[in-house]
Amino acid sequence: MRQDSIRAAEEAAARERARLEAEAAAARERAAAAARRTLMEVVYFDYDEAAIRPDTESRLRAKLDILRDNPGVRLRMEGHADERGTSEYNFALGNDRAESVIRFLTGFGLDMGRFSSVSYGEERPVAQGSTEEAWAQNRRVEFVITAGGNDLGR
């Protein structure tokens, strides 16, 4: 009878350990998913500008701790512009926006080698139409995790 009690207690303890490990793994995955969402959150710019706006700054600051805690993460900044202006101008403006984001992040001590940029100018709009609302959505920098994304939350 004593052996049965010991075995039952050991089995209960093993079940509890497994439950706690599963909960911890789920919590890590939730944290990693939240970190990915934050890292990939788009930032927006004013018309004909590459300057970091206050709302853009707060979104970029939210990325800083994640990047500091995960030095293996690499990002590509993809700059975009609205349809106004020439193609050449919009490619340059998209590039300026992506580079502005990189300068902001590296200004807080992050290694520039972790970031790359590309400009799509006006070629990849997320909103169709020639309205201020559509243009505002298209003046943006998107983020792509190019390395280290699977290590978030570990």
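The coordinates are above.
An account of the accompanying structure is given in this report.

Our next topic: the packing of helix H2 (residues 54-69) against helix H3 (residues 87-106). It is the contact of H2 with H3, at a shortest axis distance of 10 Å, that shows an interaxial angle of 55 degrees. Between H2 and H3, the interaxial angle falls into the category oblique. Every pair of crossing elements has a handedness; the one defined by H2 and H3 is right-handed. Of H3, the residues touching H2 (which contributes Glu57, Leu60, Arg61, Leu64 and Leu67) are Val101, Phe104 and Leu105. Among the residues making up the contact of H2 with H3, the classes are represented as six nonpolar, no polar and two charged.

Our next topic: the sheet that holds strand S3 (residues 115-121). Strand order in this open sheet of four strands is S1-S4-S2-S3, and the pairing throughout is mixed. Pairing within the sheet leaves two strands with one partner each, and these edge strands are strand S1 (43-44) and S3. Pairing of strand S2 (residues 74-80) with S3, which is carried by six bridges, proceeds in the parallel orientation. Looking across to S3, one finds that Met77 is bridged to Ser117. Its contacts with the sheet put helix H1 (residues 2-40) on S2 and strand S4 (140-147), and the angle it makes with S4 is roughly 135 degrees. Contacting S1, S2, S3 and S4, H3 runs over the sheet at an angle of about 155 degrees to S3.

Cut-off values and rules
- Residues numbered from 1 in each chain as written.
- Predicted model: local features only at pLDDT ≥ 70, side-chain atom pairs only at ≥ 80, totals over all residues.
- Heavy atoms only, no water.
- Axes fitted to C-alpha atoms, helices over the stretch in contact; angles between N-to-C directions.
- Helix = DSSP H or I, 4+ residues; strand = E, 2+ residues; numbered from the N terminus.
- Parallel < 35°, antiparallel > 145°, perpendicular 65-115°, else oblique.
- Left-handed = near helix turned anticlockwise from the far one by under 90°.
- Contact = heavy atoms within 4.5 Å.
- Nonpolar A, V, L, I, M, F, W, Y, C, P; charged D, E, K, R; others polar.
- Pairing = 2+ DSSP bridges.

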